[in-house]
Amino acid sequence: MQSAPGEQPALELLVHGVGGTTPAEMLDDPHTVRVAGDDTAALYRRAKDAPPREGDGPPREDASRAHGTEGDAPVQEAYVWCNLTSGDASRALWLLLLPFMVVNLAHWMRPRALRRPRLVRLYGALVRLIGLSLTVLLVASACEVALDLTAWQCAGTAACAEGRAWLGFLSPHTSPGDWWTQPGRRLALAALVPAALVLLLWFLAHKTWSAYENQRPLPAATDDADVVADAAATGHAAAATPPTPDAKVPRDTPALARPGFWYGRRIVARLRAAHTAAALLTVAAGVGTAVTAQDAAHDGPVLAGRLLCGLYAVLGALVLVAVCRRGRSERRLDPAFDRLTVRALPLAALVVLLATLGYALADRPADRSTGTLPGDVLFRVLTLTQGLLVLVLAVVAALLHRSAPDSRTALRGYGGPATALLACALGGVLTGGLAQRVADWLDGPATPGEGGSPLAGPPVLLSWQAATLPPMLLLLLLLAARLGLATWRRARAGAAQVEADYPGVRHDEARTRAIALTRAAAALTDRAPALLGLSAAGILLLGAVALLGAWTSGEVPGEATSGLPAAAHGVAQTCQALGSWLTGLAALLFLAFGRRAYRDPHARRTIGILWDVGTFWPRAAHPFAPPCYAERAVPDLTWRMATWTARTGGRLVLSGHSQGSVLAAAAAWQLPSQVRGRIALLTYGSPLERLYGRWFPAHFGPTALTGLHGDVSQWTNLYRATDPIGGPVRVPGVDHTPLKDPLAYGRTPDEPLPPPLHGHGDYPCDPAFAEARAALLRRLRPAGPVPRQPGPTSTAPEEAEPTGGAAGA
């Protein structure tokens, strides 16, 4: 394909959506070559469109001039990023950290605010505190299993230790007089298990931090045209000078256009140190408080133990200060590093843990392990703290939403608090389920905490929380049934509209019903806020019942209700037994389904949208959450667009499908203004407004999307009524009329078989796709810089101190 003399080259940069696809599928050609990138993320072209190798012809980018456009068909280039979020089956282990990812989402769900910087910071600090509580909950659960149930209760009980050879050397009943049989020493040895878990989390967080947050943004993010041109001419990032760290952008700059948005080095490092220290202190406190209580009970020396408890309190206060300090810095590239906090805080916690283990190893021949460790109080206080933090967060979210109300915002601004509560519930299910299943395994046929059981069992609060799971599932089933009935009714009412959309053909009842039902099912996405709101209300109510029941009775539900009528007692026992199995099964299902999702593309697409939404956002509230793939993908796209347009002066259409449209928008915001004004944006099946705009209004709300429309040269959005994910962006002049799906009602001369319903996929097969792309290219034809469209831009001030969505204090 040769371009006409003087005609600008044209490139369509394709970005795929959730679940990924192959370069051959994206480019509709089995012969593709990688032109840039690696096995994780790369750019591909058709073999016939690939630039020649070095020494075989003109320079690589200049070779693209030889592949101009034929009519309005540009050279296509596919950006494949699916390996950033999927890979081998071991990545399914990330699903066990799902509560951390969900609470990180709550950070970014802050309502859009006008001139409320203190509330913005408070919102961020509250979410970070909830994230810290989840870390403590995870480690406390590991301590409950290793320290309390195994080393303290089972090893100290003859009926439990007998027959378990692996516990023989710890039990005074099977190995009397052995060195490890004293309770303090048993606890010190068992503490190595949760300590190893903490170190593993620290290692994973540090490794991903080095690969993601610690990478400086590429120089394409600068607004200096000479810098971009110089970088493009040399082809090396080192040739371009990045923006100076102290350079700040105006306060009215959209959040995703700020230079520090994708550079979370400082905040993630500080949070990693604080969470690691808190986790190590949790292990130390589990051992130290138990040994100190034993010394006090036997009139032993308690000074060392009390000094250690004082150190726990002091370091815990320092952890809270580190977490509540200022959050993300986005208006400038912040290279600062809180070296003292990052290095000293976890090291001090590790030293205190080692000192506690040394204290526990001292000789105490009179000590005996009876009852449970004082972890019951910890779980109650932790649950109460989480509930109070969520309630305060809801008040702050309401005040923020009131400053800039938007009827499209999910749950009227309460989406963040509801999501944070969901994270706490997930954490409780996963950690409580682990403790319940281990307790059931150790005590044999008996029920933990009830008469006849050799073990006192896990904290009674965990049994109460497990007992609330069956009622919660029943509530969800009722909500699902109601949504199903509403969908069926909507499908019946929509049948007439389907027939009106396909006039002049013979209608078939089954075909009409199938189309109407697909449209009605796609509309369920818009009911998600109500479903989450009702679920959060149920979680809050049942959680309060569980906490009140555990605190007032001090017994498991089956024992606490023994004096009630037989029906009530039977329900309590059934819920306790069923909930115990369900919570244990939940963790296994998470892991099993996660493994299947990463091995089976069809299963991955089922949960892909939720997972890719969660890992799109930087880690701002929890450092142990799965890493943010956009911190690699956005700079990749930004660099490619900036250098290609600088080298060729050509026309570029950035074409994004589904989640790819979100990456495309994020990359367009990060472009220099003169480059942003030279590209056109084509989105299809896009969740930009339907999901991101409603759930993340501070970053993708109407003001932000309207501003993006004013900044890029052109923008067209395609969507279908049968698409459950994509929808209109609701910006004047952007949305195309809804595409027909199916293209024809029945058989036609061109379609001898009934055409399928495409829903969320196969947008390029619609003739409207090629027409929209050609129209964008025609508007980009003028040589030289393309003037931006006059129109609204993102100039309305949002917050006095931009801090990245749910900014921190």
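Before any of the text, the structure's been laid out above.
Here's what I pulled together on the structure shown here. It should be emphasised that the depicted structure is a prediction, and the values quoted were computed from it without experimental measurement.

**A few points about the overall build of the protein**
So, point 1. Across its full length, the protein carries 26 helices and seven strands.
So, point 2. Relative to its full complement of 809 residues, the protein shows a buried share of 56%.
So, point 3. Across the protein, the fraction of contacts at a sequence separation of at least 24, relative to all contacts at a separation of at least 6, is 81%.
So, point 4. Only carbon and sulfur atoms are counted for the fraction: they give 63% of the accessible area of the protein, which is about 32700 Å².

**Considerations on the side chain of Arg 676**
So, point 1. Positionally, Arg 676 belongs in helix α22 (residues 673-676).
So, point 2. A relative accessible area of 10% places Arg 676 in the buried class.
So, point 3. Among the polar contacts listed, one links the side chain of Arg 676 to the backbone oxygen of Trp 669, at a separation of 3.2 Å.

**Concerning the pairing of strand β5 (residues 651-657)**
So, point 1. For β5, the buried fraction is high: seven of the seven residues fall into the buried class.
So, point 2. Every second residue of β5 is oriented toward a common face, with Arg 651, Val 653, Ser 655 and His 657 on one face and Leu 652, Leu 654 and Gly 656 on the other, all of them buried.
So, point 3. Two strands pair when backbone bridges link them, and strand β1 (residues 10-15) and β5 are joined in this way by six bridges, in the parallel orientation. Bridging from a neighbouring strand, Glu 12 pairs with Val 653 of β5.
So, point 4. Both β5 and strand β6 (residues 679-684) contribute to a ladder of six bridges, which runs parallel. What sits directly across from Leu 654, in β6, is Leu 681.

**Quick word on the state of the cysteines**
So, point 1. Applying the stated rule across the entire model yields one disulfide.
So, point 2. Between the sulfur atoms of Cys 154 and its disulfide partner Cys 160 the distance amounts to 1.9 Å. Its S-S torsion of about -90° marks the bond between Cys 154 and Cys 160 as left-handed, since a negative value means left-handed.
So, point 3. A relative accessible area of 1% means that Cys 160 is categorised as buried.

**A short note on the packing of aromatic side chains**
So, point 1. Under the definition given, this model contains 22 aromatic pairs.
So, point 2. Note on Trp 108 and Trp 617: the rings are 5.1 Å apart at their centroids and 20° apart in plane angle, and the pair reads as stacked. With Trp 108 in helix α2 (residues 98-108) and Trp 617 in the loop between α19 (601-616) and α20 (630-648), the pair connects residues that are 509 residues apart, well separated along the chain.
So, point 3. Relative to Tyr 692, the ring of Phe 616 lies with its centre 5.7 Å away and its plane at 80°, an arrangement referred to as edge-to-face. Of the two residues, Phe 616 sits in helix α19 while Tyr 692 sits in helix α23 (residues 688-695), which places them 76 residues apart along the sequence. Comparing Phe 616 with Tyr 692 shows no difference in burial state: the two are buried.
So, point 4. One aromatic cluster in this structure is built from Trp 81, Trp 108, Phe 261, Trp 262, Phe 616, Trp 617, Tyr 629, Trp 669, Tyr 692, Phe 696 and Phe 700.
So, point 5. A cation over a ring is seen here: Arg 164 above Trp 441, with NZ or CZ 5.6 Å from the ring centre.
So, point 6. Geometry around Trp 581 places Arg 437 over its ring, the cationic atom sitting 3.7 Å from the centre.

Cut-offs used in this document
- Residues numbered from 1 in each chain as written.
- Predicted model: local features only at pLDDT ≥ 70, side-chain atom pairs only at ≥ 80, totals over all residues.
- Heavy atoms only, no water.
- Helix = DSSP H or I, 4+ residues; strand = E, 2+ residues; numbered from the N terminus.
- Buried < 20%, exposed > 50% of the residue type's maximum accessible area, 1.4 Å probe, protein only.
- Contact = heavy atoms within 4.5 Å.
- Areas by Shrake-Rupley, 256 points an atom, 1.4 Å probe, with all protein chains shown as cover.
- Polar contact = N/O pair within 3.5 Å; in protein donor to acceptor, adjacent residues only side chain to side chain.
- Pairing = 2+ DSSP bridges.
- Disulfide = S-S within 2.5 Å.
- Phe/Tyr/Trp six-rings, centres within 6.5 Å; stacked < 30°, edge-to-face > 60°.
- Lys NZ or Arg CZ within 6 Å of the ring centre and 35° of its normal.

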